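What follows is the residue order along each chain.
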Amino acid sequence: YSTATQWKYSTAINWDQAQIGDLVFFNVPGAAKGNHVGIIVGYDDDGKYLIAHCSSSRNCVVVTEAIISGFHYVRRPLVMRNDQMNAGFLIAQEMQ
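Residues numbered from 1 in each chain as written. Predicted model: local features only at pLDDT ≥ 70, side-chain atom pairs only at ≥ 80, totals over all residues. Heavy atoms only, no water.

Notes on the pattern of salt bridges
Applying the stated rule across the entire model yields one salt bridge. Its salt-bridge partner being Asp22, residue Arg76 comes within 2.6 Å of it at the nearest N-O pair. Placement of Arg76 in strand 6 (residues 73-77) and of Asp22 in the loop between strand 1 (10-12) and strand 2 (23-25) is noted, with a sequence separation of 54 residues between them. (Salt bridge = Lys/Arg side-chain N within 4 Å of Asp/Glu carboxyl O. Helix = DSSP H or I, 4+ residues; strand = E, 2+ residues; numbered from the N terminus.)

Written out as structure tokens, the structure reads:
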């Protein structure tokens, strides 16, 4: 799934409501040439959010601090039933 799809199936929340498992994004889909998504996995010693995401410059998954890394938007994933997820998967396959 693309970052736009992950954005679509999540709802905006404030940073002070964020918790482990929430998604973070660089940009609003369509607002910039590219986007990037990560997931909150914990907190550093100062209470700042730690984000797991793929780093193209390092060619691996990294854990970095959210704001310094460029993540500006936080969203809570929507819970979907299996039949909804399967329907989304089938639509995504048809689009390829």
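As for the side chain of Glu65
By secondary structure assignment, the location of Glu65 is in strand 5 (residues 60-65). Here Glu65 occupies a buried position and makes no salt bridge, while the nearest side chain of opposite charge, Lys48, is found at 5.4 Å. For Glu65, the side chain forms a polar contact with the main-chain nitrogen of Ile68, separated by 3.0 Å. Beyond its immediate stretch of four places on either side in the chain, Glu65 contacts Asp44, Lys48, Tyr49 and Leu50. (Buried < 20%, exposed > 50% of the residue type's maximum accessible area, 1.4 Å probe, protein only. Lys, Arg positive; Asp, Glu negative; His and termini not counted. Polar contact = N/O pair within 3.5 Å; in protein donor to acceptor, adjacent residues only side chain to side chain. Contact = heavy atoms within 4.5 Å.)

Let's talk about the confidence of the model for the protein chain
For the protein chain, the mean per-residue pLDDT works out to 80, and 80% of the residues sit at or above 70. Contacts of residues 89-96 to residues separated by more than four positions or lying in other chains number two contacts, the stretch itself having pLDDT below 50. (pLDDT = per-residue confidence, 0-100.)

Quick word on the side chain of Asp22
With relative accessibility at 2%, the residue Asp22 sits in the buried group. Within the local environment of Asp22, its side chain forms a polar contact with the backbone nitrogen of Gln19, the two atoms lying 2.8 Å apart. At 2.6 Å, the side chain of Asp22 forms a polar contact with the side chain of Arg76. Excluding residues within four positions of it along the chain, Asp22 makes contact with Ile13, Gln17, Gly38, Ile39, Ile40, Val74, Arg75, Arg76 and Pro77.

Section: the pairing of strand 4 (residues 49-55)
The buried fraction of strand 4 is high, at five of seven residues. As paired elements, strand 3 (residues 37-43) and strand 4 share four bridges and run antiparallel to each other. Across the sheet, residue Gly42 finds its bridge partner in strand 4, namely Leu50. Following strand 3, the chain reverses through five residues before pairing antiparallel with strand 4; Gly47 in that reversal takes a positive phi of roughly 85°. (Pairing = 2+ DSSP bridges.)

A few points about a nonpolar patch on the surface
Together, Ile39, Val41 and Val63 line one region of the surface with nonpolar side chains, adding up to about 230 Å² of accessible area. Along the chain, the position of Val41 falls in strand 3. A relative accessible area of 41% means that Val41 is categorised as partly exposed. (Patch = residues over 30% accessible without salt bridge, like charges linked within 9 Å, V, L, I, M, F, W, Y side chains within 5 Å. Areas by Shrake-Rupley, 256 points an atom, 1.4 Å probe, with all protein chains shown as cover.)

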